[in-house]
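Take a look at the letters that make up each chain.
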Amino acid sequence: MNYNLNMKRKVLLVVVVILAVAILPLNRLFAQKIDETPIKVGILIDEEFTTFRAQSFSGHWRATFYPLIASGSAEQNPARKEVKTVSELVAEGEDLAISLTNKGLVGKLSTGKEIMGGYEKIVISGGELLNIEIPENRPMLLQGKLEIHINIEESRLLLINEINFHQFLVSSVSKFGISSEVEALKAYIVMARTRLKHLKENTLHKEMAYEVCDKYHCLPFSGAGQNRELVDILVSMTANKILQYRGKSVFPRYHHTCGGKVSSAKEIFNVDNEPYHVSVDDRVDNKGSENCFHSPGFHWSIELEKLDLLEFIAMSWAGGASRIFTGWEPLKIEDTGRITRVLLRGRIPKEIDGVEFFENLKMYFGPNSLKSMRFSMEVLRRSVIFRGMGQGLGVGMCLYGADGLAKKGKRYNEILEFYYPGVTIK
Ligand SMILES: [Zn+2]
Ligand SMILES: [Zn+2]
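Residues numbered from 1 in each chain as written. Chains lettered and ligands numbered in written order. Predicted model: local features only at pLDDT ≥ 70, side-chain atom pairs only at ≥ 80, totals over all residues. Heavy atoms only, no water.

Chemist: So what exactly am I meant to see when it comes to the side chain of Gln 244 here?
Modeler: Positionally, Gln 244 belongs in strand E13 (residues 243-245). The class of Gln 244 is buried, set by a relative accessible area of 16%. (Helix = DSSP H or I, 4+ residues; strand = E, 2+ residues; numbered from the N terminus. Buried < 20%, exposed > 50% of the residue type's maximum accessible area, 1.4 Å probe, protein only.)

This is the structure we're talking about:
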């Protein structure tokens with residue numbers, strides 16, 4: 001009796017499964033949702049460190065140590081024979097210190113146990129939150145999986161955090177999203193998701209084991225420690241939505257503040273394949289106040305010593321040698337006010353691209369010196385006063401402008417269509 005009933009149930013289950021498979025379109029069954037897609041993130045890739053500490057903040061983590069195999073076979077080096085893959089539990093509250101030695105990676109647990117012998121890779125996974133402390137950096141809370149590699153050329157550690165799109169977007173938009181407006185945050189999220197998808201498919205780091213890094217040219221990221229609850233909710237509300245231009249994927253650009261005028265990608269980067277990056281007057285219907293007028297980066301000024309400016313040019317383009325260049329001047333100024341070519345004067349003059357000039361300026365004088373390439377100069381006897389507008393390169397979405405548009409009642413799709421004319425949201 002029981003047996004028969006069980007059989008009937010099994011047959012019924014099989015029929016239901018077959019029906020379900022037949023009814024569901026195959027692509028929906030197998031297509032992975034964008035927000036569940038894994039992404040490998042290079043963390044603090046410019047930092048040089050050979051030791052760090054990982055603490056299990058929540059949940060039980062497991063650290064697996066993989067032996068060195070690339071550098072010589074077991075026959076050449078008998079000591080290698082002894083090294084096997086080992087796996088250690090890092091229980092909640094416990095921590096693991098990892099160092100790079102001349103033998104490879106070694107670890108020490110807070111329980112006192114040491115993992116010696118030399119490993120080439122360590123993978124820590126399984127728990128909910130992992131707190132990592134890198135010397136001279138703020139602690140960072142990570143989710144997902146953490147891989148520790150050796151960057152051989154620079155003999156330092158390389159950390160790669162594998163998470164999914166949802167987790168990355170919550171961290172990234174919490175970090176760069178200067179607005180508290182729901183519609184502006186939704187616009188940031190759809191832009192960032194589209195950008196992340198494009199970077200996953202066209203990585204800027206082809207030679208590396210990670211797909212994106214945590215810097216502005218990819219997307220800012222600093223783990224889950226500063227995650228905003230509202231951003232998390234809005235990532236779910238806009239789940240899987242991305243921008244397209246005539247059915248094709250796009251690489252949306254963004255910046256802090258345009259100062260009233262957004263430039264085209266052609267003007268700033270001299271590219272022809274981004275028709276959705278055109279110059280935009282950052283005002284509603286070309287009238288009234290600029291959408292980013294309330295930004296601290298809308299107007300700025302700074303006074304720099306002439307000697308410091310010459311030193312900056314010598315360090316950036318003459319290998320530190322003075323007297324190669326005697327000065328500089330803007331060579332090309334776009335209609336949107338941005339300087340896109342700079343001439344270095346000297347016996348052999350040199351032309352510099354505006355983006356390159358700007359990146360070097362920020363590196364030399366710091367991020368709070370000249371905020372954009374949209375400025376005028378007042379030359380005094382010993383110094384130059386720069387008066388500028390906007391912050392950043394000025395292409396694509398103006399983050400403060402998006403905030404302004406949301407405050408003026410615009411919806412997120414209207415904000416996206418405003419900064420990326422011609423795009424559709426899929
Ligand atoms: Zn990058
Ligand atoms: Zn703006």
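So much for the structure itself; the text now carries on.
Chemist: Help me understand the nonpolar core in this model?
Modeler: One broad rule of soluble globular proteins: the nonpolar side chains tend to lie buried together. Ranked by internal contacts, the top residues of the largest apolar core, which has 86 residues, are Phe 52, Ile 124, Ile 132, Ile 148, Met 397 and Tyr 420. For this core, the leading source of residues is helix H4 (residues 182-201), giving ten residues. Of the domains in this structure, domain 1 (49-153) and domain 2 (168-292 + 394-425) are the two that each give at least three residues to this core. Aside from chain neighbours lying at most four places away, what touches Tyr 420 is Met 191, Leu 243, Pro 252, Arg 253, Tyr 254, Tyr 276, His 277, Gly 396 and Met 397. Counting residues in each nonpolar core, the second largest holds 26 residues, with Leu 309, Trp 328, Phe 375 and Val 395 among its members. (Core = buried A, V, L, I, M, F, W, Y, C linked by side-chain atoms within 4.5 Å. Domains from an automatic or database assignment. Contact = heavy atoms within 4.5 Å.)

Chemist: What am I meant to see in unusual backbone geometry here?
Modeler: Peptide bonds are mostly trans, and most non-glycine residues show a negative phi. Residues other than glycine seldom take positive phi values, yet Arg 246 does so here, at roughly 50°. Its place among the elements puts Arg 246 in the loop between E13 and strand E14 (248-249). With a phi close to 55°, Asn 286 is a non-glycine residue in the positive phi region. Structurally, Asn 286 is set in the loop between strand E17 (280-281) and strand E18 (299-305).

Chemist: What is the right way to look at the coordination of the zinc ion (ligand 2) in this model?
Modeler: Geometry sets the ideal angles at a metal, namely 109.5 degrees for four tetrahedral donors and 90 or 180 degrees for six octahedral donors. Those protein atoms acting as donors to the zinc ion (ligand 2) are Cys 258 (SG), Asp 282 (OD), Cys 292 (SG) and Cys 398 (SG), and they sit at 2.0 to 2.3 Å. For the zinc ion (ligand 2), the four donor atoms in the first shell make angles of 101 to 119° at the metal, a pattern classed as tetrahedral. Coordination of the zinc ion (ligand 2) draws on donor residues from a single chain, spaced C-x23-D-x9-C-x105-C in sequence. In this pair, Cys 258 is assigned in the loop between strand E15 (254-255) and strand E16 (261-262) and Cys 398 in strand E24 (residues 397-398), connecting sequence segments 140 residues apart. Across this residue pair, the class does not change: Cys 258 and Cys 398 are buried. (Donors = N, O, S within 2.8 Å, 3.2 Å for Na, K, Ca; no water. Tetrahedral: all angles 85-135°; square planar, octahedral: opposite > 155°, others 65-115°.)

Chemist: What should I look at first to understand the sheet that holds strand E25 (residues 423-425) in this one?
Modeler: Strand pairing in a sheet relies on backbone hydrogen bonds, with the paired strands running either antiparallel or parallel. Strand order in the open sheet made by the three strands is E14-E13-E25, with antiparallel pairing throughout. Both edges of this open sheet fall to E14 and E25, since each of them pairs with a single strand only. Of the strand pairs in this sheet, E13 and E14 are connected by two bridges, and their pairing is antiparallel. Following the sheet pairing, Tyr 245 is matched in E14 by Lys 248. Together, E13 and E25 form the strand contacts of helix H10 (residues 412-419), whose direction differs from that of E25 by roughly 160°. (Pairing = 2+ DSSP bridges. Axes fitted to C-alpha atoms, helices over the stretch in contact; angles between N-to-C directions.)

Chemist: Help me understand the coordination of the zinc ion (ligand 1), please; the structure alone is not making it clear to me.
Modeler: Within the first shell, the zinc ion (ligand 1) binds the protein through His 205 (NE2), Cys 213 (SG), His 217 (NE2) and Cys 218 (SG), at distances of 2.1 to 2.3 Å. Coordination geometry of the zinc ion (ligand 1): the four donor atoms subtend angles of 101 to 117° at the metal centre, consistent with an arrangement described as tetrahedral. A residue is classified by how much of its surface remains accessible, and His 217, at 34% relative accessible area, is partly exposed.

Chemist: Sorry if this is basic, but what is going on with the sheet that holds strand E23 (residues 383-389) here?
Modeler: A sheet is described by the order of its strands in space; here three strands give the open sequence E18-E23-E22, paired in antiparallel fashion. Of all the strands in the sheet, the pair left with one neighbour each is E18 and strand E22 (375-379). Geometrically, the sheet is characterised by an average inter-axis angle of 20° between neighbouring strands, direction not taken into account. Packing against the sheet, helix H7 (residues 306-317) makes contact with E18, E22 and E23, and its axis sits at approximately 90° to E18.

Chemist: Quick question: what am I supposed to make of the side chain of Ser 56 here?
Modeler: The residue Ser 56 is located in strand E2 (residues 51-58) in this model. Beyond its immediate sequence surroundings of up to four residues, Ser 56 is in contact with Trp 61, Val 90, Ala 91, Glu 92, Gly 93, Glu 94, Leu 129 and Leu 130.

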